[in-house]
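Coordinate inspection notes
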Amino acid sequence: MQTPFQIQVSNPCHEDWTNFTPTPEGGFCASCQKNVVDFTQMSDAQLMAFFRNQTSENATCGRFRESQLERAYQLEEWFPTD
């Protein structure tokens, strides 16, 4: 069974990525004091794996390519429950 999945950014950050301090995951934003994950080089499978266990309570700051946003991804059920 496949579940539709979509990445949406409701409140995009307007800070300049080039001013972020590099981190292993992406960059640190001194303005908001948060680590920002750089998703721009990730494949669809890597994106889906990252977000598979995320919940709305765990908001993630991220940098995306325009082509990664607001399009349908298909998550295959990796571990069937039956």
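Described in the following lines is the structure provided in the data block. (Residues numbered from 1 in each chain as written. Predicted model: local features only at pLDDT ≥ 70, side-chain atom pairs only at ≥ 80, totals over all residues. Heavy atoms only, no water.)

**Some words on the side chain of Gln-68**
Defined as follows: Strands here mean DSSP runs of E at least two residues long; helices mean DSSP runs of H or I at least four residues long; both are numbered from the N terminus. Counted as a polar contact is a pair of N or O atoms within 3.5 Å, where, for protein atoms, one must be capable of donating a hydrogen and the other of accepting one, and residues adjacent in sequence contribute only when both atoms are in side chains. By the convention used here, residues are in contact when the closest approach between their heavy atoms is within 4.5 Å.
Structurally, Gln-68 can be placed in the loop between strand 5 (62–63) and strand 6 (73–76). Within the structure, the side chain of Gln-68 is placed 2.7 Å from the backbone nitrogen of Arg-65, a separation counted as a polar contact. For Gln-68, the residues in contact, after removing those within four places along its chain, are Ile-7, Phe-39, Thr-40, Met-42, Leu-47 and Tyr-73.

**Focus: the pattern of salt bridges**
Rule in force here: Salt-bridge detection follows one rule: a side-chain nitrogen of Lys or Arg within 4 Å of a carboxyl oxygen of Asp or Glu. Note on classification: 1.4 Å probe, protein chains only; a residue is buried when its accessible area is under 20% of the maximum for its type, exposed when over 50%, partly exposed between these limits.
Counted according to the given criterion, the structure contains two salt bridges. Here Arg-71 and Asp-44 are joined by a salt bridge, their closest N and O atoms 2.7 Å apart. Placement of the pair is Arg-71 in the loop between strand 5 and strand 6 and Asp-44 in helix 1 (residues 44–51), with a sequence separation of 27 residues. Judged by its relative accessible area of 32%, Asp-44 is partly exposed.

**Details of the packing of aromatic side chains**
Quick note on the threshold: Here is the rule: rings of Phe, Tyr and Trp (six-membered ring for Trp) pair when centre to centre is within 6.5 Å. Planes less than 30 degrees apart are stacked, more than 60 are edge-to-face, and the remainder are tilted.
In total, this model carries six aromatic pairs according to the counting rule given. Both rings, one in Phe-39 and one in Phe-50, keep their centres 5.0 Å apart while their planes meet at 75°; by these two values the pair is edge-to-face. Of this pair, Phe-39 sits in the loop between strand 4 (34–38) and helix 1 while Phe-50 is found in helix 1, placing the two residues eleven residues apart along the sequence. For Phe-39, a relative accessible area of 0% corresponds to the buried category. Ring centres of Phe-39 and Phe-64 lie 4.6 Å apart, and the angle between their planes is 10°; on these two criteria the pair is classed as stacked. Of this pair, Phe-39 sits in the loop between strand 4 and helix 1 while Phe-64 is found in the loop between strand 5 and strand 6, placing the two residues 25 residues apart along the sequence. Taken individually, Phe-39 and Phe-64 each receive the classification buried, so the pair is uniform in this respect. These aromatic residues form a ring-pair network of at least three members: Phe-39, Phe-50, Phe-51 and Phe-64.

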